[in-house]
Every structure is written in C-alpha cells, then in structure tokens.
Amino acid sequence: MTLPVEHLRLDDSFMHDPHAAAAVLRDKGPVLPVILPTGLPVWLVTGYEEARSLFLDPRLSSDGVYDRLERLREAADGKPSSFSEDLARHLLNTDPPDHTRLRKLVNKAFTPRSIELLRPRIAEIAAELTDALDTTGPVDLLRDYAYPLPMIVICELLGIPKDDREMFGAWSDVLVSTAPPEEIGAASESMGRYLAELLEAKRVSPREDLLSGLVTASEDGDRLSVPEMIAMSFVLLIGGYETAVNLIASGVLALIRHPGQLAALRSDPALLPGAVEEFLRFETPNNLSSPRYAKEALRVGDVEIPAGQFVMISLLSANRDGARFPDPDRLDITRPAGGHLGFGHGVHFCVGAPLGRIEGEIGIGQLLAAFPTIELAVPKAELMWRPSTAMHGLAELPVRLG
C-alpha cells in the first residue's frame, strides 16, 4: 500500500486512553490517514455523519480484505501469515450477495423473538453468578461475572461443551489483542481445528443447539460449506460474548463513576433498556469496525481516499461526536435511545445485537438488585483498558460489593 504523504502514527494511548485520543483525532478532522498501534495504515473515520454514511457506501468493500491484509503484512516483515483462513473468511469479510446469503442462513436463530425466549435462562445464570460473588473483600467483577455470564450463554446457545469454555476465552483474548502475529496465528489455528472437529461431531450426532442447526440449515435449498460453517461459528462465538462482556463491565464502571445516574437507575429499574443503549454509546464495546478498502477513489467532505486503501470506522469516536450527541461526554441514562453506532450500521449491523442488549440489561440489572452498594476497590487511575484496537474493554474491574 502506498502511504499518504502525511501520516499520523497512533501510540498505545489510542487503546489505553481512547476517549482523549478520539477527541484529539476529531479535532483534526472526521477522516484522517493514520497508522494504528498494530502498524496497519488506514483512513480512520472519527466523525458520526461520515461514519454512518460510509457504513452504507458500496464503494467500500469487505470482499478479499483478508488477502489484502496478508499481502501487506508479508510485504512488511517477509513472513507468511499463520492465521487460519477458515476463520478469516467470515461474515464481516464478505459483501452482498455472498453476505446476504450467509446472513439469511443465520438470521433465523437471532431474531429478537427467539432471543427473548432466552431471557429466563440468562436471568438464571446471572442469579447463580451473583450468589457466588464474594462480599467479604475485593472481587474482580470482570473475571467473576461480566466474563462468565455471556460466555455461558453463547456456549449453551451454540452447543460448546462446558469443559471447553475457558479454552475459547483464552483464544479469543489473543485474537482481539495486539499480541505478536505468531501468537494470534497459533490461537486462530487452534480454534479453527477445534471448530472443524466439533462441527463434524454435530453432523454425526446433531443436538438442539445452534451449531447443529448450522450444519443442517438451508435457505431455498442452499447450505453452508464446511469452511463457511467454521467461519460462521467463529464470528458468532467471538461476537456473541466479547461485546456483552465489555458492555456489562463498562456499564457498571460508568454507573460507579456517575453516582447520580446509578441512584436514578436503582430507583427506577424500568430505565434499564434505555440505560443499556446509553452504555453502548458512552463506552462503546467495539473500538473499531472491521477493515474495508476503497474499490475506487472516494471523497468524504474535504478528504479524498485513494482507491485500494483501507478504511476503518471508530465506533467509539463517532458515538462521542458532539455534532450528533449533545454534551457527548456526559452519561445520561434518560438520553433518547437510538442513533448510536455501538452495533455498527448497514449490512454489517451486528447479528447478535438482540442477545447483547438482553445480556446487558439482565447482567447489570441483576447486580444492582443483588448488591445495595458497588464501589471501586482501586483508584480509578489504576484501571487499565485491554490492548486491543478491535474491542474497547477493561482488563479487570476490582470492586467491593455491599
């Protein structure tokens, strides 16, 4: 890739102090050529209107993104990638009509109505987890609650054996991090092999779970190929819990930091659905969109993005754009819901959004109901965000529960 003349190289503050970094970038312009902390040169979109527009722009393509990224990486260090191709060719890396075909085959399992039927089981899991939390000393709410709740839910939904859940969590942590390419490649290969074996077992002995359904799913006689099933399983598994983990933990932290909002939510739990929408805006669980590339030169305001170059949208930055959200750095659980880009927009709008919303609502609601007080167990300056350009989430959340 030919780099633009002027390039802004982003450091680790882009991940560890993301809102401050986003504010600086928005001041420089809504679309900027940058080099991410991972070393990837992209045109980064930080403005809300520009982001929403580009999500719908057919001149940005996801098809072949994996191959383009691998050629770029190999040109930089001379080493071929070890990332599993089966995992890489997933729903987010395809355009219509292939994307439309793949999405049709999975949409039936993620309708708001079908996900609503999971509400009692999600509430049961949340209650079991809160019952087990330690009230005698500090507890890591991320490790002991925000992580296991969506992990149990998505693994039960997909049909992942209980003993394998911790292994999946470890792989996922590596895959969304800025770990060395060798570590990411090894984790992807391990996950790819495991999913291939699991899907074959589901084909031989199907059960009442989503992966068994994928094996037999059809739409107008069309079925998923084995590589497509592996890629679909991967994106559902990762997307099905990473967003919810960060939503629950970051939402609780936001309430702790804004005691007036916490008191309002405690006094009126009916505010929870709207509060979840505000958490998705205020501490967006997904940092950047998946990369796309310009099929042709395109102009966005005063900026022209050359053909062939990568474009990524900062969901976190767009959701704090004052041109769209009045007083954007203020948490307001009564803010009119809707409009945020927490789950993306357009054809790649998150297929698991209904599940994430319910998990956030139940997960945070159960904590508030179970514990009259929730306080940080460390100074807020000691909290660390995960080293990831893909996800925006805490590394841990030490609290004391009353």
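Keep in mind that this is a model prediction, so the values were computed, not measured. (Residues numbered from 1 in each chain as written. Predicted model: local features only at pLDDT ≥ 70, side-chain atom pairs only at ≥ 80, totals over all residues. Heavy atoms only, no water.)

**Some remarks on the overall build of the chain**
Argument step 1. Summing up its helical and strand segments, the chain has 18 helices and 11 strands in all.
Argument step 2. The C-alpha radius of gyration computed for the chain amounts to 21 Å, which stays within 12% of the reference 21 Å derived for 402 residues, consistent with globular compactness.
Argument step 3. Across the 402 residues in the chain, those meeting the buried criterion constitute 54%.
Argument step 4. For the chain, contacts bridging at least 24 residues in sequence account for 73% of all contacts bridging at least 6. (Helix = DSSP H or I, 4+ residues; strand = E, 2+ residues; numbered from the N terminus. Rg over C-alpha atoms; globule rule 2.2 N^0.38 Å. Buried < 20%, exposed > 50% of the residue type's maximum accessible area, 1.4 Å probe, protein only. Contact = heavy atoms within 4.5 Å.)

**Re helix 11 (residues 165-175)**
Argument step 1. Buried within helix 11 are the following residues: R165, F168, G169, W171, S172 and L175. Along the axis of helix 11, the buried positions cluster into a sector of 165°, meaning they face one direction only. (Arc of directions from axis to C-beta.)

**Points about the nonpolar core**
Argument step 1. Core analysis: the largest hydrophobic core is formed by 93 residues, its most contacted members being M191, L236 and L397.
Argument step 2. For this core, the leading source of residues is helix 14 (residues 226-257), giving 18 residues.
Argument step 3. If we ignore the near neighbours within four places in the chain, the residues touching L397 are V139, D140, L141, L142, A249, V252, L253, L376 and L383.
Argument step 4. Of all hydrophobic cores here, the second largest spans 19 residues; its members include V45, A51, V303 and V311. (Core = buried A, V, L, I, M, F, W, Y, C linked by side-chain atoms within 4.5 Å.)

**Digging into the sheet that holds strand 5 (residues 139-140)**
Strands belonging to one sheet form pairs held by backbone hydrogen bonds; the direction of such a pair is parallel or antiparallel.
Argument step 1. One open sheet holds the 3 strands; their spatial order is 5-11-10, and the pairing between them is antiparallel. Each having just a single partner strand, strand 5 and strand 10 (374-376) make up the two edges of the open sheet.
Argument step 2. Where strand 5 meets strand 11 (residues 398-401), 2 bridges bridge the pair, whose relative direction is antiparallel. Its bridge partner lying in strand 11, V139 is registered against V399.
Argument step 3. Strands in contact with helix 14 are strand 10 and strand 11; relative to strand 10, the strand with the most contacts, it is inclined by about 85°. (Pairing = 2+ DSSP bridges. Axes fitted to C-alpha atoms, helices over the stretch in contact; angles between N-to-C directions.)

**Observations regarding the pairing of strand 9 (residues 310-313)**
Argument step 1. Along strand 9, one buried face is formed by F310 and M312 and the opposite face, lined by V311 and I313, is buried too.
Argument step 2. Looking at chain direction, strand 3 (residues 41-45) and strand 9 are connected through 3 bridges and run parallel. Each bridged residue has a counterpart across the sheet, and for W43 the counterpart in strand 9 is V311.

**Concerning the packing of helix 14 against helix 16 (residues 272-282)**
Argument step 1. Direction vectors running N to C along helix 14 and helix 16 enclose 95°, while the axes themselves pass 10 Å from each other. It follows that helix 14 is roughly perpendicular to helix 16 by the angle criterion. Here helix 14 contributes L247, G251, A254 and L255 to the contact with helix 16, which in turn contributes V276, F279, L280 and F282.
Argument step 2. Considering only residue class, the contact of helix 14 with helix 16 consists of 7 nonpolar, 1 polar and no charged. (Parallel < 35°, antiparallel > 145°, perpendicular 65-115°, else oblique. Nonpolar A, V, L, I, M, F, W, Y, C, P; charged D, E, K, R; others polar.)

**Observations concerning the side chain of T243**
Argument step 1. If you trace the backbone, T243 turns up in helix 14.
Argument step 2. You can call T243 buried: its relative accessible area is 7%.
Argument step 3. Among the polar contacts listed, one links the side chain of T243 to the side chain of N286, at a separation of 3.4 Å.
Argument step 4. Apart from residues lying up to four places away in sequence, T243 is in contact with P285, N286, F343 and M391. (Polar contact = N/O pair within 3.5 Å; in protein donor to acceptor, adjacent residues only side chain to side chain.)

**Re the packing of aromatic side chains**
Argument step 1. Taken as a whole, this structure holds 6 aromatic pairs when the rule is applied.
Argument step 2. Arranged with centres 5.3 Å apart and planes meeting at 80°, the rings of F168 and W171 form a pair that is edge-to-face. Of this pair, F168 and W171 both sit in helix 11, 3 residues apart, which is roughly one turn of the helix.
Argument step 3. Taking relative accessible area as the criterion, W171 reaches 13% and is therefore assigned buried. (Phe/Tyr/Trp six-rings, centres within 6.5 Å; stacked < 30°, edge-to-face > 60°.)

**A look at the pattern of salt bridges**
Argument step 1. A full pass over the atoms with the stated rule returns 18 salt bridges.
Argument step 2. R59 is the salt-bridge partner of D57, the closest N and O atoms lying 2.8 Å from each other.
Argument step 3. Assessed through its relative accessible area of 13%, D57 is described here as buried.
Argument step 4. Residue R119 pairs with E361 through a salt bridge whose shortest N-O separation is 3.4 Å. Placement of R119 in helix 8 (residues 119-132) and of E361 in helix 18 (residues 353-370) is noted, with a sequence separation of 242 residues between them.
Argument step 5. Residue R119 is classed as partly exposed on the basis of its relative accessible area of 24%. (Salt bridge = Lys/Arg side-chain N within 4 Å of Asp/Glu carboxyl O.)

**As for the pairing of strand 2 (residues 31-35)**
Argument step 1. Most of strand 2 sits inside the fold, with 5 of its 5 residues counted as buried.
Argument step 2. Across the two faces of strand 2 the burial is the same, with V31, P33 and I35 and L32 and V34 all buried.
Argument step 3. Where strand 1 (residues 8-9) meets strand 2, 2 bridges bridge the pair, whose relative direction is parallel. By the bridge assignment, R9 is partnered in strand 2 with I35.
Argument step 4. As judged from the 5 bridges shared by strand 2 and strand 3, these two strands associate in the antiparallel manner. Looking across to strand 3, one finds that L32 is bridged to L44.
Argument step 5. As consecutive antiparallel partners, strand 2 and strand 3 are separated by 5 residues, and within that stretch G39 has a phi angle of approximately 95°, a positive value.

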